[in-house]
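Remarks on the overall topology
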Amino acid sequence: MSQSETFQKEKNEEVNKDKKIGDGNKYTFPITPIEDFKDKPYPKTAACLIIGDEILNGKTVDTNSSTFAKYCFEHGIDLKRIEVIPDEEDTIVQSVKYLSNNFDFVITSGGIGPTHDDITYPSIAKAFNLPLKQHQLTYDRMNDFAKNIPAISKYMKPDPGHEAIEASKRMSLFPDPSTVIYPDEKLWVPIVIVNKNVHILPGIPRLFKSLLFNFSKYLRIRQNGDKGENFYRKFVKTFQPESYIAPILTEVQGKVKDIGIKVGSYPKYTTDKRWVIIVSFLTRENNKDKVEELCKEVAEKTDGTIIDTDDVITGDYENKL
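First, a word on what this report is: a plain description of the structure on this page. Everything quoted here is computed from the prediction, not taken from an experiment.

1. Things to note about the overall build of the protein chain
Helix and strand content of the protein chain: 11 helices and 12 strands. Put simply, of all contacts in the protein chain between residues at least 6 apart along the chain, 75% involve residues at least 24 apart. Roughly 17000 Å² of accessible area belongs to the protein chain as shown, and the carbon and sulfur atoms make up 50% of that amount.

Spelled out as structure tokens, the structure:
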């Protein structure tokens, strides 16, 4: 299964989860009109900012950056940087300003809940010298969600005057001005866009994935049907040792580095206890023919085989070191 097919499978699974939830609850929210984003430029570069002490101290395993990496590949966006930082205001301010200034499409993950350590919204507001303002529509959606989902109503609908009400309001206190997008009819949670390119998402993987996958329609509408800039990847597998293929790959990379083709090699350990080298060729679709030529050349010189995906090779290289 190719990476594109794997991504689509994950996306379909996420959609099916939403359908199962919807089977027991028919309540849905209006989404933000897609046409509103038709004239915005399509991003070329991306960065991901993972915010949370729990990631850095090992309590929680970060999967959102991996999800975003696959997302960028699928959408032809060049992911240039992933940062993991603690719940510290100064660090968030410094990181988000740098990423916003240097990349087209910035995603942040985490730190937008009701507790004291959820400081992403105020920290990003500070980064761009913006005030915080209550976003009434988001607060209303949150309350509607609590009222119409009986299974969670008792947790999200405290008694009047309860301090939990003020805590919940923090989840709809956004930097102002910002663009608020509701891409998922099953979620009250929005994607909040600050400084035109910083997209603030929750850290909970299921919410992160659902919002991200549903945001695709707001990106795709900007492509105008041109898919020539999508990524294209092909592989060659060979049982020759790395020392044997190293000069071959060095020669090949030297010939194509100026036209945007990246060549990489990755050792893997197969289930039948053999070392295999996977040679990866990554480029844009407009270089597809050139990659096909390179694959044939490298396969011949390394006594290898051209394959569409490295998923057919199983085994754990790291655990064998």
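2. With respect to helix α11 (residues 288-302)
The end-to-end C-alpha distance of α11, which contains 15 residues, comes to 21 Å, matching closely the 21 Å that a straight helix rising 1.5 Å per residue would cover. Among the residues of α11, V291, L294, C295, E297, V298, A299 and T302 are the ones counted as buried. Of the surrounding elements, those touching the buried residues of α11 are β9 (231-238), α10 (242-256), β11 (275-284) and β12 (305-307). Once α11 finishes, D303 follows within two positions and takes phi at roughly 55°, a positive value.

3. Here's the deal with a nonpolar patch on the surface
Residues L56, I82 and V84 make up a contiguous nonpolar surface patch of roughly 240 Å² in combined accessible area. Structurally, L56 can be placed in helix α2 (residues 53-56).

4. Focus on the packing of helix α4 (residues 89-102) against helix α5 (residues 120-127)
Remark: α4 packs on α5, axes separated minimally by 8 Å, with the N-to-C direction vectors making an angle of 55°. In this view, α4 runs oblique relative to α5, as classed from their interaxial angle. Our pair here, α4 against α5, has a crossing hand that is right-handed. Taken together, the residues of α5 that come into contact with α4 (itself represented by E89, D90, I92, V93, V96 and K97) are S123, I124, K126 and A127. Each residue belonging to the contact of α4 with α5 can be placed in one class, and the counts come to five nonpolar, one polar and four charged.

5. A closer look at the pattern of salt bridges
Applying the stated rule across the entire model yields eight salt bridges. The partner of E83 in a salt bridge is R81, with the nearest N and O atoms 3.6 Å apart. With relative accessibility at 16%, the residue E83 sits in the buried group. The class for R81 is partly exposed, based on a relative accessible area of 32%. Two residues, K255 and E297, come together in a salt bridge whose shortest N-O distance is 3.1 Å.

6. Considerations on the packing of helix α3 (residues 64-74) against helix α9 (residues 205-220)
Viewed as axis vectors pointing N to C, α3 and α9 meet at an angle of 15°, and their least axial separation amounts to 10 Å. Put simply, α3 runs roughly parallel to α9. For α3 against α9, the interelement crossing comes out right-handed. Together, N64, T67, F68, Y71 and E74 of α3 and P205, F208, K209, L212, F213, F215, S216, L219 and R220 of α9 make up the contact between the two elements. A class-by-class count of the residues in the contact of α3 with α9 yields eight nonpolar, three polar and three charged.

7. Regarding the sheet that holds strand β7 (residues 191-194)
Reading across from one edge, β2-β1-β3-β8-β7-β6 is the order of the six strands in this open sheet, with mixed pairing throughout. What marks the edges here is a single partner per strand, and that holds for β2 (78-85) and β6 (179-181). Between one strand axis and the next, the sheet turns by 20° as a mean value, whatever way the strands run. Each of β1 (45-51), β2 and β3 (105-109) is contacted by α3, which is oriented at about 170° to β1, the strand it contacts most.

8. Considerations on the packing of aromatic side chains
One pass over the full model with this rule turns up nine aromatic pairs. Relative to Y218, the ring of F37 has its centre 5.4 Å away and its plane inclined at 85°; by these criteria the two rings are edge-to-face. Note that F37 is positioned in the loop between α1 (3-24) and β1 and Y218 in helix α9, a separation of 181 residues in sequence. For the residue pair F37 and Y218, the accessibility class agrees, reading buried in each case.

9. Focus: the sheet that holds strand β10 (residues 262-269)
With respect to topology, four strands assemble into an open sheet ordered β10-β11-β9-β12, the strand pairing being antiparallel. Strand pairing shows two members of the sheet lacking a second neighbour, β10 and β12, which therefore form its edges. Ignoring strand direction, the axes of neighbouring strands in this sheet form an average angle of 25°. Here β10 pairs with β11 via eight bridges, running antiparallel. Bridge pairing in β11 links Y266 to I278. This element, α10, spans β9, β10 and β11 of the sheet and lies at about 160° to β10. The strands touched by α11 within the sheet are β9, β11 and β12, with β9 carrying the most contacts at an inclination of about 5°.

Conventions adopted
Residues numbered from 1 in each chain as written. Predicted model: local features only at pLDDT ≥ 70, side-chain atom pairs only at ≥ 80, totals over all residues. Heavy atoms only, no water. Helix = DSSP H or I, 4+ residues; strand = E, 2+ residues; numbered from the N terminus. Contact = heavy atoms within 4.5 Å. Areas by Shrake-Rupley, 256 points an atom, 1.4 Å probe, with all protein chains shown as cover. Expected span 1.5 Å × (residues − 1). Buried < 20%, exposed > 50% of the residue type's maximum accessible area, 1.4 Å probe, protein only. Patch = residues over 30% accessible without salt bridge, like charges linked within 9 Å, V, L, I, M, F, W, Y side chains within 5 Å. Salt bridge = Lys/Arg side-chain N within 4 Å of Asp/Glu carboxyl O. Axes fitted to C-alpha atoms, helices over the stretch in contact; angles between N-to-C directions. Parallel < 35°, antiparallel > 145°, perpendicular 65-115°, else oblique. Left-handed = near helix turned anticlockwise from the far one by under 90°. Nonpolar A, V, L, I, M, F, W, Y, C, P; charged D, E, K, R; others polar. Pairing = 2+ DSSP bridges. Phe/Tyr/Trp six-rings, centres within 6.5 Å; stacked < 30°, edge-to-face > 60°.

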